[in-house]
Structure formats: structure tokens, C-alpha cells
Amino acid sequence: MTAPSQQKLKVQGAAVITANRLSDGAVVYRTAAGAWTTQLADAAVVTGTQAAKELLARAAADENIAVGAYVAPVDVGADRIEPGNLRERIRVAGPTFSLPACIAG
Amino acid sequence: MYIYDDFDLTLVAERVAEFRDQVARRLSGELNEEEFKPLRLMNGVYLQLHAYMLRVAIPYGTLSSKQLRALAHIGRRYDRNYGHFTTRQNIQFNWIKLSDLPDVMADLAEAGLHGMQTSGNCVRNVTTDQWAGVAPDEIEDPRVWAEILRQHSTLHPEFSYLPRKFKIALTAAATDRAAVRVHDIGLRLHKNGTGETGFEVMVGGGLGRTPFIGKTIKPFLPKRDFLSYIEAILRVYNQYGRRDNIYKARIKILVHELGAEKFAAEVEAEWRNIKDGALALDPAFVADIAARFRYPDYKALSDNPIELKRARAADPKFEGWFRNSVTPHRTPGYAIVTLSLKPEGAPPGDATSEQMDAIADLADRYSFGEIRVGHEQNLALPHVAQRNLPALWEALDAVGVATPNVNLVSDIIACPGLDYCSLANARAIPVAQELSRRFKSLDTQREIGRLHINISGCINACGHHHIGHIGILGVEKNGQEFYQITLGGRADENAELGALLGPAVPYAEVAEAIEDVVAAYVELRERPNELFVDTVKRVGIEPFKERVYATR
Amino acid sequence: MPLVRNGAIAEDRFVRILDDMPVPDGLAAIVPAARLLADAGELARRNGALGVLWPNDRNVSELTPHLDRLALVALVFPNFRDGRAYSQARIVRERYRFRGELRATGQVLRDQFLCMLRAGFDAFEVSKDADAQAFAAVVSRYSVHYQPAGDSTPSMSMARLSRARPAAVLAEMPRQD
């Protein structure tokens, strides 16, 4: 009910900046080079509130490419980045059930 | 159905052109997101978790077969081959690209469809009884009044930037199938002591974070004053509704803070200034709108034809569906057929493009080309000759919309929840799917009887959980999904808000908790046809609480 | 900030007077609402057209004793979403029959022009130059309106009744066996 973008920013642990692409709404992540990617694996990972704020400020200024930028938690493993909560898992993997068109075959 | 003329088509086409320009200005960066957002919302375009979502209005829930095919086409061409029917007589497409949206709108406009005012702080799609015009218990067709309101509120120069969204519903029947008491304005057509037909006006109902049942501020409003009185309500709200806090901006808060009497007095004072002006309804105008509704050329048929009798006697499956999904029509020899969009294990209210096309074909063949959409997220064919019911049933069964669970425990109303919605805290659809699997036995469902489960994935209550017999509200606690359960709500003419059962239960336990509630009801009810809500009223929620929390 | 008046970009002959600033004689001036209410008599005796900037949370009925001495009423849109001044405009125009300049100020963007015009505004302090340039094109985007409002355009309902019933454009209901 409160979108993450409207919540007070306090970041503990690792996080990425995510948004939706303006043209088609696709889920995108901010890269270290200041671009956007649809692959979480290519996202810039930051730790702590200050670093997250800085990356967010730059990403939010780029709203003609991607809109609604916010900080999303991630879990960083040895060889991969995983979304840090259910909402972000759903944004990566899609709805948690088969879409109707697939059921109907 | 309402027949668009060149005025209506011109306006919709001009709206598409305007939106095309707005999208182009946004994509070029001329408009920033803050400026563009209210513009896209006024056209029903949201940005959700995975993509843009488009909400298309289905005014008063009436669709022509041509319109349903247009919706199927949108799903196929621009989305992922399906659409989701909502609790407010709209359909949503979940995977639309912003860059495609002007073309989507143009395709819809050709069929007289649009997304105007399906979002934003304006008067939303005006809803009514999905059986309007065919229900035996209505005093007149409420869609005429819904259409008058639709026209009046469309691109209204004064009320397009209200403090918050504004929902109006109408009913003209003894049984309220439009949930008018939980709308910002609810209107009930009825006759007064002298036999004149007019409106009971209720205001300040609504669900969401602060649910209220609407209060009657005008027991009888003559038809002539229909528009001027609603204009007065909107004007008072536009000026005095709160704009400092989004959670307190709905008219229900204004009505609550002022008190219904004081609010009514404000409306009366404003109304006196305008009641004899341009909005006083000329009977010729009402007649003109009414004449735009076409009714089928029914044949002279009698009830219970031999074809129906034979099929009922011969096939218990048909008989089960007939008893569940077929409702009396006001014309002899005809019936209203509800099409369940709640098959076992499916997301409630979803229909594939193939299903929509097939239903459009069946509507042409068996229902004078007309389809209805109800707030329960099911469809209906409103004008089916009873002798055609056996053939129709087979055809509906073949496309998966003949599950005979209408109004039963698996006919669950659910919002899209966290699987799609950026506002949600918890999932709703998987909970509905799991419940529909647990209650899949039709015998069990019939034994339980009429029971409405409503699920919302957040406090905004799009799944209308407060007015479900059993309401389920998803909340988030420490990153986990939990669900509050409410009992005893109802949406009809005796509308009530459910009472909280107890502490929220985790996702993994919610289906079992609901099974416990239902089992307790079956044991506690006085007789098999005592409604769940009546049992709750009689025994209170304590026995249910004991049952659910004894083992938790 | 460009001013659009009567459909065209125009020079603003009014000066804005803030709070307690002196009101120069001989100039067209817009004063704050509080100033108008406090110094009504004095303001009426000066030379020069008088306008008032009226906030959107103050009842416009307080304006009625002064309207016949006012050349301009400016109403405020603090942001795009705040629509209170649309109601104020209609009341000032339609109920109080104000015939002077009714000016929209604040956040005034092209996508509000038509609503503002139909609510009775005839002058617009437009936030963006490009929007002011586009004024004429934007307000002619719609050739039909459903409802009657403060402007003189006929509503669709009235237009419909004043002509013969047109043929329905979308298909009639199919016949059934």
C-alpha cells in the first residue's frame, strides 16, 4: 500500500536501484555505468544508506528512461544476486502461478 | 445495449488523439512523470510491478459481442492473450507497453470502448446491476440513469481533479447486486408513497482503509433533480474534501467528519442554487437516452420448454449447472445465464482471448449478441431462450466457463494482489487458487451453500474483503505474508462490514483457517439454508474464533 | 510566465501587489484577498483597474460585495491535482455573473486548459512557453462535450435533442432464431 519509492530510506545490507522502463514498463536495474539493464545480475550493488541514496538520486534523475526508481534489497551470494524480498522475487520471475493463457494451452 | 451515435464516437476518437499526443510528449521528455501520471491515470493506465496496466471501462457491465471481440483482440495483439475482469465492471490488461497504448485506445474506440476515468481522482465508471434490464425484480432499467451519469461525468470540466477517486453505483431492484451502500454515492431507484419513481441517495460509503456503509441523505429524489443533486454533492466534495492527506481524502471522511446531517445540509444549500438551472432534467432528454438502449426482439416462448425438461431429467451434470448458474428472466421462455470465471485452480476473473471470442460467438448465437459483467468477476449471457440452454451449456463447458459454482464457496472474489499490483502487501490470487482446490468437490460446495469469500492483497480493498461473508486481507509482517480474516460482511441491501476474527495467520495456514471457519459454520447453522452471515449474526464470532485459534 | 487572454498570448497589464505593499495609483493591480477585504474602501477610491488573488480554500461568497468593482479575479491551482478553483470559477461566473477577467494562476499546464476554459476562465498564466503557444490547438481538440458548463458551447445532450435522431453508428442487436 505504500510503494517502496515512498518509504523512508534506511538501507541495511546490500541493495540495488530498480525502476520500470518508461516505454514498456519492464523491470530494470541501474548499472554501475549509469545505464539500465533488465538483468538483476548486471545491477550495481550498494551497501548502506548513504551509497544507496547517491545511486538512487542519479537514477531518479534519469526518469525519461526509467520511472519510479527505488531501492530494493538483494541477497548477494558467491556467484549471483538474488532479490531480497517476495515483491522483488515476483518482479524478477513474474506472477507466482501460471498465467491463464498458459493454462488454457 | 446502449448504441453509440456519432457524438459518442467523436468524443472517444478525440480522446484517443489527445492521449496519443500526451504519450508522445512523455516519450520525448517534454512531459515529466509527475505531469504525465495524472494524465495516464485518467485514461486508465497504471504502472504496475511488471508493466503498464490498462483498465477499460465496461459501463454498467453491458458488452456487445463486437466489444468482447475487441477486448479479445487487445489481449492477443498487445498483451499476453488474456484479460482480468475486476470487481467494478472493468477489464484490466496486465502487460501493455506505453508505446502501444495510443494504438490500443484507437482499436478500443472503434468498438466504442475506452479507459476514460477508470482511474484518477474523477468520477469512475458508473456501475449497476449486471442483470439490469432483464431482472424480474427491478422497477426500471437503471442503465439509463447510469448512462446519463456516465455522459454527464465524462471529462467534466469541474470534477476531473477531485480530492480523490469517486465511485457511483445504482440499483433498481429489490435485491441489490451493485453494492450501492459501499460506494461514494449509492442510488436506489424506488417508488414513493404516491407511486412516483425516484432515487434514494446514499453517500459516503466505501471500503479501503476506513470502511463505511453509506448514509442516506435523501430518501426520495425526483428524477428531474437527478443530475443537479449529484452535481451539488460533487461540488461540496470538491471544495471541502480533504486534500492534505490521501488517506482522508475520500468523501466518506468528509461525511463522517461533518456528520451526515450537516453534509446533507451543505448539499441542500448548494442544490437550491442549481436545481432549476441547466441540469434540471427534461423528460425528452431522458427519453432520448432511454431510446438509445436496444432491447432484444424476444420471441413468444413459454417457460420450461420440453428441451429443457428433457435435459434436466437426463443429465445430472446439466441439472447441477442449471440449478446453479441459470436465473429467472423477466421475459417468459428466457433465462439469464452466469458464466463462472472461477474454475478450480484459476485466477478469479481471468478470461483468455480465445474464451472471450468463443463467448462472443455464443452471445451472438444465444443471447442477442449481448454479454454482461458483474462485480463478482463473472460474466453473464442475459437473454438466453430456455430451449437453448442444453446446447449452450455444452458449448460453455467446452470453453471452461460452465463450472457450476456461482455464489458458492469457490466463487471467490480477489484482487490481483502482490503478483501484479505495486500497492499490494501480499498475494491474493494464490490464496483463491488454493481455496478453490480445497473446496473443489461440488457436493461439498452445495452442502455448504451460498458463501462469499473476498480477498484483498492490501488495505485498499479492491477485493472488497470487508463485505465478503468471509473476508481475507493480506498484510505484511517482517517481510512475510499474513492474512487477517473477517466474518459477517455482506454487500447487498443489508450491507454490513465484517468483524475481525483474530490475529492474522501466515500464508501457509490461511486456507486451513478458512476450512475451519467453514466447518464451524456447517456445524453451527440452525438449518442448511441459514446463510453464513446469518449464523455469524446469531452466534457471534466467538465460536469461529475458538475453532480457528484452538490449534494455532 | 506567458499570459494567454481570450485565446491569444497577451501582455499582462496587471502588477502583483504582495501583502502590505503600497498599491500605486493609476496602475492595474492585483491585491491579495486579505488586502481586498481589509482595505476595500480605500482600494475603490484609487485610479486604476483592481484585481484580486483569491486562494482556493476561501469561500468565494466573501467576494460578492466587491465583484462589481473588480476588473479581475485570479484563482489558484497550487498543483495539477488540486481542482478546487474549478468549482470557484463556475460559481463566480455562473452564480455571481462576474464578467471581468477570470484568471487561472499557479500550476497551469496545457492539459488543464479545456477544463479551465469550460469552467469560465478566460485568462491563463501558463507555466510553460510551449503550452501557451499551443493554446488554440489544445482547446479545439474536442468538438463535442457531454455536459453543459460555464462556457457557451452547447452540451451534447442539447445538441442531440435539437436535431433529428441520427442513425446509430455501431451495429444494432442481431436478430435471433
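Residues numbered from 1 in each chain as written. Chains lettered and ligands numbered in written order. Predicted model: local features only at pLDDT ≥ 70, side-chain atom pairs only at ≥ 80, totals over all residues. Heavy atoms only, no water.

Caption draft 1: Here's a closer look at the overall build of chain C. The helix and strand tally for chain C stands at seven helices and eight strands. Relative to its full complement of 177 residues, chain C shows a buried share of 53%. Considering only contacts in chain C between residues 6 or more positions apart, those separated by 24 or more positions represent 45%. As presented, chain C carries roughly 8000 Å² of accessible surface, and 51% of it is formed by carbon and sulfur atoms. (Helix = DSSP H or I, 4+ residues; strand = E, 2+ residues; numbered from the N terminus. Buried < 20%, exposed > 50% of the residue type's maximum accessible area, 1.4 Å probe, protein only. Contact = heavy atoms within 4.5 Å. Areas by Shrake-Rupley, 256 points an atom, 1.4 Å probe, with all protein chains shown as cover.)

Caption draft 2: View of unusual backbone geometry. The phi dihedral of B:F368 falls on the positive side, at around 50 degrees, and the residue is not glycine. Here the phi dihedral of C:R97 falls at roughly 55 degrees; this positive angle occurs in a residue that is not glycine. Its place among the elements puts C:R97 in the loop between α3 (84-95) and β7 (101-106). Its relative accessible area of 57% is what places C:R97 among the exposed residues.

Caption draft 3: Representation of the packing of helix α6 (residues 226-240) of chain B against helix α8 (residues 260-274) of chain B within the structure. Residue and element names in this part refer to chain B. Relative orientation of the contacting elements α6 and α8 amounts to 120 degrees, with a least axis distance of 8 Å. As summarised for this structure, α6 and α8 are arranged oblique, according to the angle between their axes. Viewed along their axes, α6 and α8 form a crossing whose handedness is right-handed. Across from S228, Y229, E231, A232, I233, R235, V236 and Y240 in α6, the residues of α8 making contact are F263, E266, V267, E268, E270, W271 and I274. The residue inventory of the contact of α6 with α8, partitioned by class, reads nine nonpolar, one polar and five charged. (Axes fitted to C-alpha atoms, helices over the stretch in contact; angles between N-to-C directions. Parallel < 35°, antiparallel > 145°, perpendicular 65-115°, else oblique. Left-handed = near helix turned anticlockwise from the far one by under 90°. Nonpolar A, V, L, I, M, F, W, Y, C, P; charged D, E, K, R; others polar.)

Caption draft 4: Looking closely at the domain arrangement of chain B. Residue and element names in this part refer to chain B. Domain boundaries in chain B define domain 1 (6-110), domain 2 (134-290), domain 3 (306-398) and domain 4 (413-549). Listed as interface residues are twelve residues of domain 2 and, on the opposing side, twelve residues of domain 4. Scanning the region where domain 2 abuts domain 4 turns up zero salt bridges. Counting across the domain 2 and domain 4 interface gives three residue pairs in polar contact (both at pLDDT 80 or more). Its residues placed into classes, the side of domain 2 that touches domain 4 shows seven nonpolar, two polar and three charged. (Domains from an automatic or database assignment. Salt bridge = Lys/Arg side-chain N within 4 Å of Asp/Glu carboxyl O. Polar contact = N/O pair within 3.5 Å; in protein donor to acceptor, adjacent residues only side chain to side chain.)

Caption draft 5: Molecular detail of the pattern of salt bridges. All names here are of chain B. A full pass over the atoms with the stated rule returns 73 salt bridges over all chains. For E138, the salt bridge identified is with R330, shortest N-O distance 3.4 Å. Within this pair, whereas E138 is found in the loop between β6 (127-128) and α5 (143-153), its partner R330 is found in the loop between β11 (326-328) and β12 (334-339), the two being separated by 192 residues in sequence. By relative accessible area, which is 9% here, E138 ends up buried. Note on R330: relative accessible area 43%, which makes it partly exposed. With a shortest N-O distance of 3.4 Å, R323 and E319 are connected by a salt bridge. In this pair, R323 and E319 are both assigned in helix α11 (residues 316-325), four residues apart and thus about one turn of the helix distant.

Caption draft 6: Region of the structure containing the environment of C:H145. Within the fold, C:H145 resides in the loop between α6 (135-139) and α7 (156-161). Between the C-alpha atom of C:H145 and that of C:R118, which follows or precedes it by 27 residues, the distance is 9.8 Å.

Caption draft 7: A look at the interface of chain B and chain A. Counting residues at the interface gives 40 residues for chain B, matched by 27 residues for chain A. Inspection of the chain B/chain A interface yields zero salt bridges. For the pair chain B and chain A, the number of links is ten residue pairs in polar contact (both at pLDDT 80 or more). Elements with a contribution of two residues or more to the side of chain B that touches chain A: α1 (6-27), β5 (90-96), β13 (350-352) and α14 (429-438) of chain B. When residues in the side of chain B that touches chain A are grouped by element, the largest group, three residues, is from α14(B). Considering only residue class, the side of chain B that touches chain A consists of 20 nonpolar, eleven polar and nine charged.

Caption draft 8: Region of interest: the sheet that holds strand β6 (residues 72-77) of chain C. Residue and element names in this part refer to chain C. The sheet built from eight strands is open, its strands ordered β2-β1-β8-β7-β6-β5-β4-β3 with mixed pairing. Because the sheet does not close on itself, it has two edges, and the strands there are β2 (8-10) and β3 (14-16). Across the sheet, the mean angle from the axis of one strand to that of its neighbour is 30 degrees, orientation sign disregarded. Relative to β2, strand β1 (residues 3-5) runs antiparallel, the two being bridged by three bridges. By the bridge assignment, L3 is partnered in β2 with A10. Relative to the sheet, α3 contacts β5 (50-54), β6 and β7, its axis offset from that of β6 by approximately 160 degrees. (Pairing = 2+ DSSP bridges.)

Caption draft 9: Region of interest: the interface of chain C and chain B. Facing 47 residues of chain C, the contacting portion of chain B comprises 74 residues. Of the roughly 5300 Å² buried between chain C and chain B, counting both surfaces, carbon and sulfur atoms make up 54%. Along the contact surface separating chain C from chain B lie nine salt bridges. A salt bridge links C:R90 to B:E231, with the nearest nitrogen and oxygen atoms 2.9 Å apart. On inspection of chain C and its partner chain B, the count reaches 23 residue pairs in polar contact (both at pLDDT 80 or more). Secondary structure elements with two or more residues in the side of chain C that touches chain B: α3, α4 (113-119) and α7 of chain C. Looking at the side of chain C that touches chain B, the element that brings in the most residues is α3(C), giving seven residues. (Buried area = accessible area lost by both parts, 1.4 Å probe.)

Caption draft 10: A look at the nonpolar core. Residue and element names in this part refer to chain B. One finds L71 and I233 to be the most contacted residues of the largest nonpolar core, which totals 163 residues. If we ignore the near neighbours within four places in the chain, the residues touching L71 are V56, I58, L63, I91, F93, L108, L113 and M356. If you look at the next biggest cluster of nonpolar residues, it comprises 35 residues, including V409, I472, A520 and Y521. (Core = buried A, V, L, I, M, F, W, Y, C linked by side-chain atoms within 4.5 Å.)

Caption draft 11: Looking closely at helix α2 (residues 33-41) of chain B. Burial analysis of α2(B) places seven of its nine residues in the buried class, which makes it a mostly covered element. Restricting attention to buried positions, one finds in α2(B) the residues B:E33, B:E35, B:F36, B:P38, B:L39, B:R40 and B:L41. Tucked inside the fold, the buried residues of α2(B) contact β5 (66-76) of chain A together with α1, β1 (45-47) and β2 (52-57) of chain B. Residue B:N32 occupies the N-cap position of α2(B), its side-chain oxygen lying 3.1 Å from the main-chain nitrogen of B:E34.

Caption draft 12: Quick look at the pairing of strand β1 (residues 14-21) of chain A. All names here are of chain A. Taken across its eight residues, β1 has seven buried, putting it largely inside the fold. Both β1 and β5 contribute to a ladder of six bridges, which runs antiparallel. Bridge pairing in β5 links R21 to A66. Taken together, the three bridges between β1 and strand β2 (residues 27-30) define a ladder with antiparallel strand orientation. Its bridge partner being in β2, T18 is matched across the sheet by Y29. As consecutive antiparallel partners, β1 and β2 are separated by five residues, and within that stretch G25 has a phi angle of approximately 80 degrees, a positive value.

Caption draft 13: Layout of the packing of aromatic side chains. Inspection of the entire model under this criterion finds 27 aromatic pairs over all chains. When the ring of B:Y483 is compared with that of B:Y507, the centres are 6.1 Å apart and the planes differ by 45 degrees; the resulting orientation is tilted. One end of the pair, B:Y483, is in strand β19 (residues 480-487); the other, B:Y507, is in helix α16 (residues 507-524), with 24 residues separating them in the sequence. Under the relative-accessibility criterion, B:Y483 is labelled buried at 0%. Ring centres 5.7 Å apart and planes at 55 degrees place the aromatic pair B:F532 and B:F544 in the tilted group. A residue pair is termed long-range when its members are at least 10 positions apart, and B:F532 in helix α17 (residues 532-539) and B:F544 in helix α18 (residues 542-549) qualify at twelve residues. By the burial criterion, B:F532 is buried, and B:F544 matches it. Taken together, the aromatic side chains of B:Y161, C:F77, C:F80, C:Y86 and C:F121 make up a single cluster linked through ring pairs. (Phe/Tyr/Trp six-rings, centres within 6.5 Å; stacked < 30°, edge-to-face > 60°.)

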